[in-house]
Amino acid sequence: MDPDCRLYLITPPVLPPRFAWQLAQALDAGDVASLQLRLKDATPDEVRRAIEELMPIAQARDVAFLLNDDAALAAEMGCDGAHLGQSDGDHVAARALLKDRILGITCHGSRHLAMRAGEQGADYVAFGAFFPTATKEVSEAAEMEVLEWWSEVFEVPSVAIGGITAANCAPLVQAGANFLAVVGAVWNHPEGPAAGVKAMNQAIAAAGAMAAED
Ligand SMILES: Cc1ncc(COP(=O)(O)OP(=O)(O)O)c(N)n1
Ligand SMILES: Cc1ncsc1CCOP(=O)(O)O
Ligand SMILES: [Mg+2]
């Protein structure tokens with residue numbers, strides 16, 4: 001169990017009007033370690049404009065700003081790092097390009113992919129999907145055991161992703177996830193994104209406290 005497990009926020013797939021304002025509200029509501037810009041259907045120009053608008057909001061609050069899928073653009077635009085999947089280019093080249101910036105790599109539920117990512121210099125390995133999600137069509141699932149095994153054997157932090165909510169996150173925290181990555185739990189929270197961040201923060205803290213008592 002990581003007593004300091006933290007929230008890793010990912011943007012909605014399509015940014016709604018006034019998203020910058022919503023983002024500031026969400027980040028001001030509690031503890032968020034990092035923000036990933038994930039716009040799968042946007043043009044390169046739209047992604048650049050989103051980076052210019054949103055990155056200062058995150059960085060002003062000490063929230064690391066990561067770009068999904070594109071290490072070269074992340075480095076060019078001065079992002080804090082990039083998140084790459086298994087089909088998002090050469091991870092070794094991305095490591096070199098990003099230098100001291102953060103590189104995160106999707107490892108699905110695979111111990112093999114995670115060990116390879118670690119050898120390639122990933123700053124974190126991402127496991128998932130742990131639960132059904134409406135945000136993305138996923139074909140790969142992960143089991144809690146991979147988090148336990150990873151945290152017992154390796155120092156590189158792990159991120160858990162996929163359908164995570166305040167109601168179901170406790171086993172992930174207790175299994176050793178260092179970060180919980182969420183989209184819907186924050187942006188689709190019935191009382192708004194700020195309430196979503198607070199609910200996730202409370203659930204993570206409660207799970208950590210329960211584990212500490214055991
Ligand atoms: C923190 C985090 N983990 C996993 C993913 C998924 O990345 P990928 O497999 O490349 O899929 P897309 O996000 O590109 O659809 C992620 N983005 N972030
Ligand atoms: C990008 C991604 N990769 C695996 S699941 C997922 C979506 C996570 O979104 P949510 O937190 O809404 O399930
Ligand atoms: Mg990707």
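This one's a predicted model, so the numbers in the text were calculated from it and none came from an experiment. (Residues numbered from 1 in each chain as written. Chains lettered and ligands numbered in written order. Predicted model: local features only at pLDDT ≥ 70, side-chain atom pairs only at ≥ 80, totals over all residues.)

**Here's the deal with the UniProt feature "binding site: Mg(2+)" (unreviewed entry) in the chain**
Under the UniProt annotation, the feature "binding site: Mg(2+)" (unreviewed entry) is placed at Asp69 and Asp88. Across 20 residues, the annotated set stays spatially compact, with a maximum C-alpha separation of 5.6 Å. By the secondary structure assignment, aspartate 69 is in the loop between β3 (64-68) and α3 (71-77). On the neighbour-count criterion, aspartate 69 (19 C-beta atoms within 10 Å) is partly exposed. Assessed through the 16 C-beta atoms surrounding it within 10 Å, aspartate 88 is described here as partly exposed. (UniProt positions renumbered as here; feature names shortened; annotations may be inferred. Helix = DSSP H or I, 4+ residues; strand = E, 2+ residues; numbered from the N terminus. Buried ≥ 20, exposed ≤ 12 C-beta atoms within 10 Å, placed from the backbone.)

**Observations concerning the nonpolar core**
Ala160, Leu180, Val182 and Met200 are the most contacted members of the largest nonpolar core, which has 65 residues in total. Broken down by element, this core gets its largest block of residues, 6 residues, from helix α9 (residues 193-213). In this view, alanine 160 contacts Phe127, Gly128, Phe130, Leu147, Leu172, Ala177, Leu180 and Ala181; residues no more than four positions away in its chain are not counted. (Core = buried A, V, L, I, M, F, W, Y, C linked by C-beta atoms within 7 Å. Contact = placed C-beta atoms within 7 Å.)

**Re the sheet that holds strand β7 (residues 158-161)**
Pairing is parallel in the closed barrel, where 8 strands are placed in the order β1-β2-β3-β4-β5-β6-β7-β8. Across the sheet, the mean angle separating the axes of adjacent strands is 25 degrees when strand polarity is ignored. As paired strands, strand β2 (residues 34-37) and β3 are joined by 4 bridges and run parallel to one another. The residue bridging serine 34 from the neighbouring strand is alanine 64, located in β3. (Pairing = 2+ DSSP bridges. Axes fitted to C-alpha atoms, helices over the stretch in contact; angles between N-to-C directions.)

**Topic: the UniProt feature "binding site: 4-amino-2-methyl-5-(diphosphooxymethyl)pyrimidine" (unreviewed entry) in the chain**
Within this numbering scheme, the UniProt entry marks Gln36, Leu37, Arg38, Leu39, Lys40, Asn68, Thr106 and Lys136 as carrying the feature "binding site: 4-amino-2-methyl-5-(diphosphooxymethyl)pyrimidine" (unreviewed entry). With respect to the element layout, glutamine 36 can be found in strand β2. Judged by local crowding, glutamine 36 falls into the buried class, with 25 C-beta atoms found within 10 Å. Apart from residues no more than four positions distant in its own chain, glutamine 36 is found in contact with Ile10, Thr11, Leu66, Asn68 and His83. Here leucine 37 lies in strand β2. Aside from chain neighbours lying at most four places away, what touches leucine 37 is Thr11, Ala50, Ile51, Leu54, Leu67 and Asn68.

**Focus on the site of ligand 1**
Surrounding ligand 1, one finds 17 residues, the nearest of these being Gly85, Thr106, Ala126, Ile161 and Ala181. Secondary structure elements with two or more residues in the shell around ligand 1: β5 (102-106), β6 (124-128) and β7. A class-by-class count of the residues in the shell around ligand 1 yields 5 nonpolar, 7 polar and 5 charged. (Near = placed C-beta within 6 Å. Nonpolar A, V, L, I, M, F, W, Y, C, P; charged D, E, K, R; others polar.)

**Here's the deal with the pairing of strand β4 (residues 81-84)**
Side chains of β4 alternate between two faces, with Gly81 and His83 and Ala82 and Leu84 buried alike. In terms of handedness, the path from β3 via α3 over to β4 forms a crossover that is right-handed. Pairing geometry for β4 and β5, over 4 bridges, is parallel. Its bridge partner lying in β5, glycine 81 is registered against isoleucine 102. For the segment spanning β4, helix α4 (residues 91-98) and β5, crossover handedness is right-handed. (Right-handed = clockwise from strand over helix to strand, strands pointing away.)

**Structural notes on the packing of helix α1 (residues 19-28) against α9**
The description of two helices packed together rests on the angle between their axes and the distance between the axes. Axis separation between α1 and α9 bottoms out at 8 Å; the angle between their running directions is 25 degrees. As judged from the angle between their axes, α1 and α9 are roughly parallel. The crossing of α1 and α9 is right-handed. Contact residues: Gln22, Gln25 and Ala26 in α1; Pro193, Ala194 and Val197 in α9. A class-by-class count of the residues in the contact of α1 with α9 yields 4 nonpolar, 2 polar and no charged. (Parallel < 35°, antiparallel > 145°, perpendicular 65-115°, else oblique. Left-handed = near helix turned anticlockwise from the far one by under 90°.)

**Notes on unusual backbone geometry**
Omega for the bond connecting glycine 128 with alanine 129 falls within 30 degrees of zero, at 5 degrees, which places this linkage in the cis form. Summarising the element assignment, alanine 129 is placed in the loop between β6 and α6 (144-153). Although it is not a glycine, lysine 99 sits at a positive phi angle of roughly 50 degrees. With respect to the helices and strands, the residue lysine 99 is situated in the loop between α4 and β5.

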